[in-house]
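# Coordinate analysis (summary)
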Amino acid sequence: MGIAQIDYNEKEILGVLEPFTAKPGNFEADEQLAAMAIVKNKLVKLGRSDRECDIVLNQASVSSVHCVFWAIRFDDDSVPLYYVKDCSLNGTQLNGMSMKRGQTCLLEDGDTITVPNVAVYRFVARIRQTTHDLVEQLGFRADIENWHITSKIVGSGTFGHVLVANNRNPINVTHQSTNYAVKVIKIKPNRLDEEAKILLKLSHPNIIRVYKTFADAGGNLYIFQDLITGGDLFSYLATSDCLSSVPETEALLIVYQILQALRYLHSQGIVHRDLKLDNILLCTPEPCSRIVLADFGIAKNLSSSRSRMHTVVGTPEYCAPEVGFKADRTAYKRFSRAASFEQHGYDAKCDLWSLGVIAHILLTGISPFYGDGSEASVIHNAKMGNLNFTSSQWSIVSNRAKNFVRRLLEIDVHRRFDSSSAFEHSWIARHKGQLEKIYQKRIVQDVDITFNVEDIDQKRKMSDTASICSAYETRNKMARVQQ
Ligand SMILES: Nc1ncnc2c1ncn2[C@@H]1O[C@H](COP(=O)(O)OP(=O)(O)OP(=O)(O)O)[C@@H](O)[C@H]1O
């Protein structure tokens with residue numbers, strides 16, 4: 001059977017959809033139709049519309065876009081995660097079981113996807129998981145109450161691994177069950193984990209939703225959360241050797257959602273402090289997707305402490321100058337609380353600077369203070385605050401967007417927008433009506449479709465905060481590194 005998208009290099013193909021013919025009680029490969037390749041960063045759409053779809057099924061019961069497929073690969077060494085999302089009126093089945101309308105499910109090698117009474121496809125994974133006892137190798141527990149942790153890695157960071165998890169108590173047994181993610185980190189030696197505590201009290205469409213936390217005796221903290229299926233913004237923008245920009249309207253909708261999350265967070269007294277492309281997740285890798293802030297590993301709850309922060313944390317490329325990163329690491333090591341010597345600490349506006357860096361990248365593909373790429377030059381350039389809007393990438397960007405970026409990347413903290421006043425800038429304010437409409441229709445509804453709110457509240461109530469305390473007593477001495 002041939003593959004329709006012959007212009008793909010074989011190495012780029014991560015998975016294949018093979019057409020099958022339904023025979024009574026069986027399926028048979030359909031030699032008449034070509035198979036369809038799934039490659040990184042590209043949706044494969046199946047449906048009736050020949051304008052929009054890669055696989056066209058011209059029958060009345062098929063929706064214009066009926067279902068979509070994609071693969072997310074965290075990095076070149078990792079095994080991709082494959083997904084199918086139902087977008088239809090009449091339903092899609094995965095292995096004979098109906099998907100909920102709008103639901104996204106993980107695909108496994110050999111799964112069948114059925115458009116009832118019309119067509120059957122079989123999914124073949126080109127890169128497969130070889131280690132099945134990864135959870136054991138990492139020293140994690142595979143089962144925690146109703147939760148089961150799989151060996152599928154979603155992503156990894158400095159502090160831990162994120163794996164796919166399942167909940168064995170699906171409320172609705174007639175439909176495909178939902179997949180979750182679990183982030184496993186080592187607990188800090190001298191206090192309860194801030195990330196878990198902060199996340200458990202938050203509830204917002206643009207902030208990662210946590211259901212349960214659990215700490216084992218070995219000092220592992222498990223944070224069970226939604227699996228966000230579209231990958232992170234870094235992977236979304238990454239081409240082979242650089243980052244690409246997105247159209248201004250798409251950038252506006254992403255920035256608008258991040259601002260919604262920041263306004264909520266700051267109103268709760270919480271500062272993220274590590275806003276960057278890698279920590280912004282997409283529900284689907286396409287324009288207008290709901291985006292979700294993740295990784296609250298160095299977030300700070302100001303309501304439980306003083307209103308200013310002094311610890312130098314974050315990622316230099318996205319970090320506001322007042323946070324106090326030192327270009328000279330030796331000097332920084334000797335005066336690790338440099339910010340408090342140099343200035344008077346910093347506040348929630350550090351998140352707005354990071355948003356400025358993100359907006360700059362979204363609009364141009366360029367990181368504003370990157371310089372020669374060394375940490376020293378990034379820190380130096382940010383402290384100078386020199387912005388260059390003359391490069392060719394800016395030529396197609398509106399003056400309003402440029403001015404918005406300038407007002408976020410403002411060295412003088414008093415003049416920099418906060419998370420409420422940024423909404424009043426004309427780049428956002430003049431599209432307020434449309435943005436709000438799209439936000440309600442696509443973003444807020446997406447949360448309602450994907451999750452059963454009562455189910456969520458139930459699980460949150462059961463969250464095992466007590467277990468965090470017990471593990472705190474028995475913790476080992478592995479510290480989470482703070483800059
Ligand atoms: N809930 C989730 N759903 C899908 N992907 C996720 C989820 N949480 C994290 N990821 C992926 O895993 C990666 C690492 O997760 P995370 O940033 O939380 O770990 P970390 O150890 O705190 O990372 P860092 O080194 O950036 O501090 C993210 O960049 C993202 O791609």
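Residues numbered from 1 in each chain as written. Predicted model: local features only at pLDDT ≥ 70, side-chain atom pairs only at ≥ 80, totals over all residues. Heavy atoms only, no water.

### Here's the deal with the overall build of the chain
Across its full length, the chain carries 13 helices and 22 strands. With 483 residues in all, the chain has 54% of them scored as buried. Residue pairs at least 24 apart in sequence account for 63% of intrachain contacts in the chain once pairs closer than 6 positions are excluded. As displayed, the chain offers around 22,100 Å² of accessible surface, 49% of which is attributable to carbon and sulfur atoms. (Helix = DSSP H or I, 4+ residues; strand = E, 2+ residues; numbered from the N terminus. Buried < 20%, exposed > 50% of the residue type's maximum accessible area, 1.4 Å probe, protein only. Contact = heavy atoms within 4.5 Å. Areas by Shrake-Rupley, 256 points an atom, 1.4 Å probe, with all protein chains shown as cover.)

### Topic: the site of the ligand
Around the ligand, 22 residues are found, and the nearest of them are T158, F159, K183, D226 and D232. Within the contact set of the ligand, a nitrogen atom lies 2.9 Å away from a side-chain nitrogen or oxygen of Q225. In terms of residue count, the dominant contributor to the shell around the ligand is strand β14 (residues 147-156) (three residues). In the shell around the ligand, the residues fall into nine nonpolar, seven polar and six charged. Shared between two domains, the shell around the ligand holds at least three residues of each, these being domain 2 (134-226) and domain 3 (233-474). (Near = heavy atom within 4 Å. Polar contact = N/O pair within 3.5 Å; in protein donor to acceptor, adjacent residues only side chain to side chain. Nonpolar A, V, L, I, M, F, W, Y, C, P; charged D, E, K, R; others polar. Domains from an automatic or database assignment.)

### A look at the UniProt feature "binding site: ATP" (unreviewed entry) in the chain
Mapped onto this structure's residue numbering, the UniProt feature "binding site: ATP" (unreviewed entry) falls at K183. With respect to the secondary-structure elements, K183 resides in strand β16 (residues 179-186). Apart from the residues lying within four places of it in its own chain, the contact partners of K183 are H161, V162, E195, L221, Y222, I223, Q225 and D295. A polar contact is formed between the side chain of K183 and the side chain of E195, at a distance of 3.0 Å. (UniProt positions renumbered as here; feature names shortened; annotations may be inferred.)

### Description of the domain arrangement of the chain
Examined at the domain level, the chain breaks down into domain 1 (10-125), domain 2 (134-226) and domain 3 (233-474). On the domain 3 side, the residues contacting the nine residues of domain 1 number nine residues. Buried area between domain 1 and domain 3, both sides added, is near 720 Å², and the carbon and sulfur share of it is 51%. Broken down residue by residue, the surface that domain 1 buries against domain 3 is led by N41, L43 and W70, which jointly contribute 48%. Taken together, the connections running from domain 1 to domain 3 amount to zero salt bridges. Remark: the boundary between domain 1 and domain 3 carries one residue pair in polar contact (both at pLDDT 80 or more). Taken together, the residues of the side of domain 1 that touches domain 3 sort by class into four nonpolar, two polar and three charged. (Buried area = accessible area lost by both parts, 1.4 Å probe. Salt bridge = Lys/Arg side-chain N within 4 Å of Asp/Glu carboxyl O.)

### A short note on the packing of helix α4 (residues 248-267) against helix α7 (residues 349-364)
Across the interface, α4 lies against α7 with an axial gap of 10 Å and an inter-helix angle of 165°. The angle between α4 and α7 falls in the class roughly antiparallel. Seen along the crossing, α4 lies across α7 with a hand that is right-handed. Residues E248, A251, I254, V255, I258, L259, L262 and H266 of α4 form the contact with α7, whose own contacting residues are D351, L352, L355, I358, A359, L362 and L363. Its residues assigned to classes, the contact of α4 with α7 comprises twelve nonpolar, one polar and two charged. (Axes fitted to C-alpha atoms, helices over the stretch in contact; angles between N-to-C directions. Parallel < 35°, antiparallel > 145°, perpendicular 65-115°, else oblique. Left-handed = near helix turned anticlockwise from the far one by under 90°.)

### Brief notes about the nonpolar core
By size, the foremost hydrophobic cluster in this structure holds 80 residues, and its most contacted members are I258 and F296. Sort the elements by how many residues they give to this core and α4 lands first, with twelve residues. If you count residues domain by domain, this core takes at least three from each of domain 2 (134-226) and domain 3 (233-474). Residues within four places of F296 in sequence aside, it is in contact with E195, I198, L199, L202, I207, I208, L265 and H272. Counting 24 residues, the second largest nonpolar core, distinct from the first, contains C67, F69, M99 and Y121. (Core = buried A, V, L, I, M, F, W, Y, C linked by side-chain atoms within 4.5 Å.)

### Topic: the sheet that holds strand β17 (residues 210-215)
Taken together, the six strands give an open sheet; going across it, the order is β13-β14-β15-β16-β18-β17, and neighbouring strands pair in antiparallel fashion. Strands at the two margins of the open sheet, each flanked by one partner only, are β13 (143-144) and β17. With six bridges connecting them, β14 and strand β15 (residues 160-167) associate as antiparallel partners. Each residue of the ladder has a partner; that of H148, found in β15, is N166. (Pairing = 2+ DSSP bridges.)

### Some details on the packing of aromatic side chains
Scanning the model with the defined rule gives 14 aromatic pairs in all. Their ring planes at 50° and their centres at 6.2 Å tell us that F214 and Y222 sit as a pair that is tilted. F214 sits in the buried class, given a relative accessible area of 11%. With a relative accessible area of 0%, Y222 lands in the buried category. Members of the aromatic cluster, connected to one another through ring pairs, are W147, Y180, Y211 and F224. Residue placement shows R263 over the ring face of F423; its charged tip is 3.9 Å from the ring centre. Here the basic side chain of R407 rests over the ring of F417, its NZ or CZ set 4.5 Å away from the ring centre. (Phe/Tyr/Trp six-rings, centres within 6.5 Å; stacked < 30°, edge-to-face > 60°. Lys NZ or Arg CZ within 6 Å of the ring centre and 35° of its normal.)

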